[in-house]
Amino acid sequence: MVNWDGKYSTADGLLYGDKPSGIIDLATDRFPDRLGHILCLGDGEGRQSRALAERGFNVTAIDFSEVATNRARQQDQKRGLTVNRLIGNAAQPPEPEMVIDSCFLCFLHFSVAERQACFRWLKQALPLGGLLFLEGFGPDQPQHRAKYMSGGPEQADLLYDTTILKDELSEFTVHHQFCAEVILDDRPGHQGLAQITQMICEKVR
Ligand SMILES: C[S@@+](CC[C@H](N)C(=O)[O-])C[C@H]1O[C@@H](n2cnc3c(N)ncnc32)[C@H](O)[C@@H]1O
């Protein structure tokens with residue numbers, strides 16, 4: 001298991017930079033009226049939630065790293081942005097229960113048991129028509145990681161495989177799915193040629 005606090009503490013500056021992932025632009029371009037109260041899980045130093053807050057959305061972010069969350073809070077303050085930041089485990093529902101309309105998981109690569117536990121409570125928490133946005137490393141990333149040092153987990157079951165995710169998210173319809181090679185420049189954490197998966201799902205039952 002990754003020691004996230006340790007990893008963030010040794011980084012010189014923001015580990016994944018401040019530029020949001022592609023799924024943020026897709027979400028705000030295609031579904032601006034349906035994002036409502038957004039929850040960003042595993043938000044780290046806050047590049048995703050900050051971009052959403054900067055575009056005027058109401059965002060809560062959860063990450064279990066205190067180091068990353070404190071850094072995110074400093075960045076919010078510097079930029080005059082408001083994000084409700086909580087330290088917590090994304091595999092468990094937040095306390096007290098919160099009302100959300102959409103949720104983002106970006107590069108949150110946790111174990112199968114944690115991911116499934118997270119999806120279980122998210123299915124309850126999201127309303128019908130609620131949107132779930134996923135972006136992370138795809139099933140072939142270990143080869144890219146070895147060849148290009150572009151980051152991501154080595155363990156196959158932590159990666160975002162659309163077939164598996166669709167199976168685990170059977171209450172959702174898929175509006176967008178993408179799995180391809182891209183060049184990442186999320187410095188210094190994710191750099192170079194990588195395989196990325198994106199999904200946009202809507203809760204329909
Ligand atoms: C690769 S980083 C990505 C951070 C951020 N989403 C981004 O794209 O820059 C993964 C993040 O997930 C967090 N994380 C991993 N497992 C978690 C869990 N079970 N609950 C909450 N956060 C978790 C880590 O602390 C870390 O900040």
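Residues numbered from 1 in each chain as written. Predicted model: local features only at pLDDT ≥ 70, side-chain atom pairs only at ≥ 80, totals over all residues. Heavy atoms only, no water.

- You'll find the protein chain entered in an unreviewed UniProt entry as Tellurite resistance protein TehB, with Pseudoalteromonas tunicata D2 given as the organism.

Remarks on the environment of L26
Part 1 of the argument: Among the structural elements, L26 can be located in helix 2 (residues 22–30).
Part 2 of the argument: For L26, a relative accessible area of 22% translates into the label partly exposed.
Part 3 of the argument: Distance in space between the C-alpha atoms of L26 and F133 is 9.4 Å, their sequence separation being 107 residues.
Part 4 of the argument: Non-local contacts of L26, meaning those with residues more than four positions away in its chain, are made with F31, H176, Q198 and I200. (Helix = DSSP H or I, 4+ residues; strand = E, 2+ residues; numbered from the N terminus. Buried < 20%, exposed > 50% of the residue type's maximum accessible area, 1.4 Å probe, protein only. Contact = heavy atoms within 4.5 Å.)

Concerning unusual backbone geometry
Part 1 of the argument: Residues R187 and P188 are joined by a peptide bond in cis, for which omega reads -10 degrees.
Part 2 of the argument: Inspection of the secondary structure puts P188 in the loop between strand 6 (172–186) and strand 7 (190–203).
Part 3 of the argument: Despite not being glycine, F107 shows a phi value in the positive range, around 55 degrees.
Part 4 of the argument: Looking at the element boundaries, F107 is found in the loop between strand 4 (102–106) and helix 5 (112–125).
Part 5 of the argument: Phi is positive for M149, close to 50 degrees, though the residue is something other than glycine.
Part 6 of the argument: What makes M149 exposed here is its relative accessible area of 67%.

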